Amino acid sequence: MKRILVIEDESALRDELCTLLRHAGHEPVAVTEWNGVLDQMINAAADLILLDINLPEVSGETLLEQFRKSAETPVIILTSRTAELDEVLSMSRGADDFITKPYNPTILLLRISAVLKRSKKTAAVQTYRGAEVSAVKGSIIRDGMEQILTKNEMIIFQLLLDRQGAIVTRDELMTALWDNDEFVSDSALSVNVSRLRAKLAELGLDDAVETRKKQGYVLK
Amino acid sequence: MKAQAYCKDRAIPWLIRSGAWVLSMVFLFAFRVPAEAAVTVSVLLLLGAVGAEVWIYLRNKRFYNGLLANLEGLDQKYLLPEMLEEPDFTEGRIVYEVLRETDKSMCERIAEYRRENADFREYIELWVHEIKLPVASLQLMCHNDGQAKYAEQLRRVDDCVENVLYYARSGSAEKDYLIKPVSLSRAFADIAIRSRAELQQRGISLRTENLGVSVLTDGKWLVFILGQLMGNSMKYGAKEIAVTAEDFPDRTVLRFRDDGIGISESDLPYIFEKSFTGENGHASGRATGMGLYLVKKLCGKLGHGVTANSEKGKYTEIVLTFGKNEMYKMP
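Residues numbered from 1 in each chain as written. Chains lettered and ligands numbered in written order. Predicted model: local features only at pLDDT ≥ 70, side-chain atom pairs only at ≥ 80, totals over all residues.

Engineer: Where do I start with the overall build of chain B in this structure?
Structural biologist: Across its full length, chain B carries 11 helices and seven strands. Against the compact-globule benchmark of 20 Å for 331 residues, chain B has a radius of gyration of 34 Å, which places it well outside the compact range. If you line up chain B on its principal axes, its C-alpha atoms span 120 × 50 × 40 Å. Looking at chain B residue by residue over its 331 residues, the buried ones come to 24%. (Helix = DSSP H or I, 4+ residues; strand = E, 2+ residues; numbered from the N terminus. Rg over C-alpha atoms; globule rule 2.2 N^0.38 Å. Buried ≥ 20, exposed ≤ 12 C-beta atoms within 10 Å, placed from the backbone.)

Structure representation (structure tokens):
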């Protein structure tokens, strides 16, 4: 569970963002008091900050610049300004990503986990039920047996693994695949999931991926 | 200034002069002045008048020919008064003053409209940012409440809003794009994800080839342009959209090809024109004639080439050409 500070002055949007983050298994903390936002940012002990640019009292860009003088916490800029220049300026001020409103919620979550991973400098190897998962090599090793996953299978497995125990919808899997330039169809996704299942079964990980009817998949 | 036309203009003064000469001759004869003297006086008068006429002609010719030559050489004709030296004779000065005054008044009007236009554009930008907030909230609500069918309509609202934004941007004189290396695959994935629901609903498959290259463009504008092309392909019966890039030493060519209903040969030359809907547009009733017009205009501003190939009933291919100007490269 990651603590995510949400700095957004539009209350409806803020509430929905928090709900979205909570559903995805994060712990959202919202800023509602616009005095001393910088201090709140520094004191929040957050793993990641979602920052709107148009804020009352102070601009998000200024906040970011001041914040970066003392902290390394990853910051994703959320904005309705859709000019390339805004993006370049935000990145140069130290933002880790820049997402324009309205955003695809799944993409937002994917970007959040990508930024979190980058900042954590996660070990290249993760473990799952005694198996070593190497995203770089695209392989799973368990009890000396190795299974090589295709790019698509790895993307699916990685997303399931990041959200282990929670439901990952087909829509989310599809978005993650498309985000990696794999423009698969609905049926191709099913094929990829069953191939992934077969490979996991070969390693003795039967029933690892469970289907939840009309909802999605869960990695047990 | 033609001498012949000028002489014709001067016919009346010469008639008056001739009249005065005839009268003078009558007087001279009345006073019994010898004929030799009368002839001498006539010749002297004639020489003087011709001399004066030539001098005036040359002066006018110099001024007006200068005026015309300047006009010819100017790209923006209204800059003419700036190019003129103030003439030293009354007639010329009047022309000069009139030109300056009308020009000044026109420039003021233009500045006024330009300001109004810029204000309006600024307001549109602001309005777009404003409306994106409720759209963003609604989109999250749809997701959080699992109401996928509303999300599709929201995406359409957002598309319309984007169209307004880019239409405003395309017409303004300001340079509000930023050229830097943009990954084609990133830009295409952005728009593919955005259109995913509709693509899958229509059973359209995507094929990409060699999109690993970067081109010099504005990333946001490119995504919008690709979005317009994608929208057209979906609207006009594509089953497969193939996007391929080809890298040349001096340019990168992006081909956006679909196997939809195609464009008839007679419509093809006009598809980039504003409000042109053609046969396909009439048949579908959903065409606004703005999409490709905007594509062309935005490409023009960014300095990209855009052309179309098509065969009715077979395919449509839009070709974007990105230059590789070394000057654009950022360190």
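More follows now that the structure is in view.
Engineer: What should I look at first to understand the domain arrangement of chain A in this one?
Structural biologist: Split into domains, chain A comes out as domain 1 (3–120) and domain 2 (125–219). Computed from C-alpha coordinates alone, the two centres of domain 1 of chain A and domain 2 of chain A are separated by 29 Å. (Domains from an automatic or database assignment.)

Engineer: Mind showing me how you'd approach the domain arrangement of chain B here?
Structural biologist: Accessible area lost on assembly of the parts is the figure often given for the size of an interface. Here the domain parsing of chain B yields domain 1 (3–106), domain 2 (110–171) and domain 3 (180–328). The centre of domain 1 of chain B, based on its C-alpha atoms, is set 64 Å off from the matching centre of domain 2 of chain B.

Engineer: Before we go on, may I ask you to explain the sheet that holds strand β7 (residues 315–323) of chain B in this structure?
Structural biologist: Hydrogen bonds between backbone groups are what pair the strands of a sheet, and the pairing can be parallel or antiparallel. Residue and element names in this part refer to chain B. Pairing is mixed across the open sheet formed by five strands, whose spatial order is β2-β4-β5-β7-β6. Of all strands in the sheet, those bounded by a partner on one side alone are β2 (205–209) and β6 (305–311). Strand-to-strand twist of the sheet, defined as the mean angle between neighbouring strand axes without regard to direction, takes the value 15°. Two strands pair when backbone bridges link them, and β6 and β7 are joined in this way by seven bridges, in the antiparallel orientation. Its bridge partner being in β7, S310 is matched across the sheet by T316. (Pairing = 2+ DSSP bridges. Axes fitted to C-alpha atoms, helices over the stretch in contact; angles between N-to-C directions.)

Engineer: Quick question: what am I supposed to make of the pairing of β7(B) here?
Structural biologist: Successive side chains on a regular strand alternate, one facing one side of the sheet and the next facing the other. All names here are of chain B. On β7, burial follows the alternation: T316, I318, L320 and F322 on one face are buried, whereas Y315, E317, V319, T321 and G323 on the facing-out side are not. Judged from the eight bridges that link them, strand β5 (residues 251–258) and β7 form a sheet pairing that is antiparallel. Looking at the pairing, R257 lines up with E317 of β7. In textbook terms, the turn of a hairpin is the stretch between consecutive antiparallel strands, and for β6 and β7 this stretch comprises three residues, one of which, G313, has a positive phi near 80°.

Engineer: Mind showing me how you'd approach the packing of helix α1 (residues 11–23) of chain A against helix α5 (residues 90–145) of chain B here?
Structural biologist: Any two packed helices are characterised by the angle at which their axes cross and by the distance between the axes. Contact geometry for α1(A) and α5(B): axes closest at 9 Å, N-to-C directions at 30°. On the basis of the axis angle, α1(A) is roughly parallel to α5(B). Handedness of the α1(A)/α5(B) crossing: left-handed. For the pair α1(A) and α5(B), the contacting residues are A:A12, A:L13, A:E16, A:L17, A:T19, A:L20 and A:H23 in the first and B:L133, B:A136, B:S137, B:L140, B:M141, B:H143 and B:N144 in the second. Residue composition of the contact of α1(A) with α5(B), grouped by class: eight nonpolar, five polar and one charged. (Parallel < 35°, antiparallel > 145°, perpendicular 65-115°, else oblique. Left-handed = near helix turned anticlockwise from the far one by under 90°. Contact = placed C-beta atoms within 7 Å. Nonpolar A, V, L, I, M, F, W, Y, C, P; charged D, E, K, R; others polar.)

Engineer: Can you help me understand helix α6 (residues 148–171) of chain B in this one?
Structural biologist: Side chains three or four residues apart in an α-helix point the same way, a direct result of the helix having 3.6 residues per turn. Residues and elements named next belong to chain B. Over its 24 residues, α6 extends 35 Å from the first C-alpha to the last, a length consistent with the 34 Å expected when each residue adds 1.5 Å. R155, D158, L165, Y166 and R169 are the residues of α6 that are buried. Check the buried side of α6 and you find it contacts α5, α7 (184–194), α9 (219–235) and α11 (291–302). (Expected span 1.5 Å × (residues − 1).)

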